[in-house]
Amino acid sequence: MNLHPMLVHFPIAISVIAFIFEVLDFLTKGKFKNTTLLFISIVVLSSIFAVQSGNIESQRLKLSDEGFKVLTEHQESATYSLFVFGIVFMLKLYVFLRSQKTSSFLVFVLFFLYLVGLFFIFKTAYSGAELVFKFGVVLKQS
């Protein structure tokens, strides 16, 4: 069973929703603190499953050199996004446990990291689409 195609869309969508709620949390001065922590937790957890399923399923692909280069870029971008959102999660957990007002600097760092994470998520999605539509990668059962 090919899990990767079923798992990849969830972290993409939830990461965008998490960012939207982060903006709402900032604008409402902390009314969505619990929600933002929940969403970033879901992003990290679902990303772990998406990245690992992709790494496992990619081992049986037979690609040209150009296709392999795109696959490598796809895997690296996915790993970077997971890493960045992992840092966001740790910062959000720190803020949540500290139960004090978040400094302006930390808010700036969080927004910056969200944007970096979203950049890598969309870069991953683009290279994934390229693998499917340009190189004909179809993850079907053999």
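Above this text you will find the structure in question.
Residues numbered from 1 in each chain as written. Predicted model: local features only at pLDDT ≥ 70, side-chain atom pairs only at ≥ 80, totals over all residues. Heavy atoms only, no water.

Asks: Just to check I follow, could you spell out the overall build of the protein chain for this structure?
Replies: The helix and strand inventory of the protein chain stands at 5 helices and 0 strands. Secondary structure elements in the protein chain, listed N-terminal to C-terminal, are α-α-α-α-α. Based on the C-alpha atoms only, the size of the protein chain along its principal axes is roughly 55 × 25 × 20 Å. Across the 142 residues that make up the protein chain, the buried fraction comes to 37%. By sequence separation, contacts in the protein chain at least 24 residues apart represent 81% of the contacts at least 6 residues apart. If you sum the accessible surface of the protein chain, you get close to 8800 Å²; carbon and sulfur atoms cover 71% of it. Of the charged side chains in the protein chain, 12 are positive and 8 negative, and the gap between their average positions amounts to 11 Å. (Helix = DSSP H or I, 4+ residues; strand = E, 2+ residues; numbered from the N terminus. Buried < 20%, exposed > 50% of the residue type's maximum accessible area, 1.4 Å probe, protein only. Contact = heavy atoms within 4.5 Å. Areas by Shrake-Rupley, 256 points an atom, 1.4 Å probe, with all protein chains shown as cover. Lys, Arg positive; Asp, Glu negative; His and termini not counted. Charge placed at Lys NZ, Arg CZ, Asp CG, Glu CD.)

Asks: Any chance you could explain the packing of helix α2 (residues 9-27) against helix α5 (residues 104-133) here in plain terms?
Replies: Packed helix pairs are specified by the crossing angle of their axes together with the interaxial distance, meaning the distance between the axes. The N-to-C vectors of α2 and α5 enclose an angle of 160°; their axes lie 10 Å apart at closest approach. With respect to α5, the axis of α2 lies roughly antiparallel. Handedness of the crossing formed by α2 with α5: left-handed. Two secondary-structure elements touch here, α2 through Pro11, Ile12, Ser15, Val16, Ala18, Phe19, Glu22, Val23 and Phe26 and α5 through Val107, Leu110, Phe111, Tyr114, Leu115, Leu118, Ile121, Phe122 and Ala125. Looking at the contact of α2 with α5, its residues break down into 16 nonpolar, 1 polar and 1 charged. (Axes fitted to C-alpha atoms, helices over the stretch in contact; angles between N-to-C directions. Parallel < 35°, antiparallel > 145°, perpendicular 65-115°, else oblique. Left-handed = near helix turned anticlockwise from the far one by under 90°. Nonpolar A, V, L, I, M, F, W, Y, C, P; charged D, E, K, R; others polar.)

Asks: Looking at this model, I keep getting lost on the side chain of serine 15. Mind explaining?
Replies: Mapping serine 15 onto the fold places it in helix α2. The exposure class of serine 15 is buried, given its relative accessible area of 0%. Look past the residues within four positions of serine 15 in its chain and what remains in contact with it is Val43, Phe85, Leu118 and Ile121.

Asks: What's the story with the pattern of salt bridges in this structure? I'm lost.
Replies: Should their charged atoms come close, side chains of opposite charge can pair. Scanning the model with the defined rule gives 3 salt bridges in all. Put simply, lysine 92 and glutamate 22 hold a salt bridge, and the shortest N to O gap is 3.0 Å. Of this pair, lysine 92 sits in helix α4 (residues 65-98) while glutamate 22 sits in helix α2, placing them 70 residues apart in sequence. Exposure remark for lysine 92: the relative accessible area of 4% places this residue in the buried category. A salt bridge links lysine 134 to glutamate 66, with the shortest nitrogen-to-oxygen separation between them at 3.1 Å. (Salt bridge = Lys/Arg side-chain N within 4 Å of Asp/Glu carboxyl O.)

Asks: When you look at the nonpolar core in this model, what are you seeing that I'm missing?
Replies: Taken as a class, soluble globular proteins show a tendency for nonpolar side chains to be buried jointly. If you look at the biggest cluster of nonpolar residues, it comprises 20 residues, and the most contacted ones within it are Ala18, Ile40, Val43, Phe85, Val88 and Tyr114. The set of elements that each furnish at least two residues to this core consists of α2, α3 (33-58), α4 and α5. (Core = buried A, V, L, I, M, F, W, Y, C linked by side-chain atoms within 4.5 Å.)

Asks: Would you mind going over unusual backbone geometry with me for this structure?
Replies: In most cases, non-glycine residues show a negative phi, while peptide bonds are predominantly trans. Phi at lysine 29 takes a positive value of approximately 55°, unusual for a residue other than glycine. Residue placement: lysine 29 occurs in the loop between α2 and α3.

Asks: Would you explain the packing of aromatic side chains in this entry?
Replies: What characterises a pair of aromatic rings is the spacing of the ring centres plus the angle enclosed by the ring planes. Going through the model one piece at a time under the given rule, you end up with 8 aromatic pairs. Among the aromatic residues, those joined into a ring-pair cluster are Phe19, Phe26, Phe85, Phe111 and Tyr114. (Phe/Tyr/Trp six-rings, centres within 6.5 Å; stacked < 30°, edge-to-face > 60°.)

Asks: What's the story with α4 in this structure? I'm lost.
Replies: An α-helix turns once per 3.6 residues; consequently, residues spaced three or four apart project the same way. Given a rise of 1.5 Å per residue, 34 residues ought to cover 50 Å, and the 49 Å separating the end C-alpha atoms of α4 matches this to within 8%. Just past α4, the residue serine 99 takes up positive phi, approximately 50°. (Expected span 1.5 Å × (residues − 1).)

Asks: What should I look at first to understand the environment of lysine 134 in this one?
Replies: Tracing the chain through its elements places lysine 134 in the segment after α5. On a C-alpha basis, the gap between lysine 134 and glycine 67 in space is 8.5 Å, while along the polypeptide they are 67 residues apart. Here glutamate 66 takes part through its side chain, which lies 3.1 Å from a polar atom of the side chain of lysine 134. (Polar contact = N/O pair within 3.5 Å; in protein donor to acceptor, adjacent residues only side chain to side chain.)

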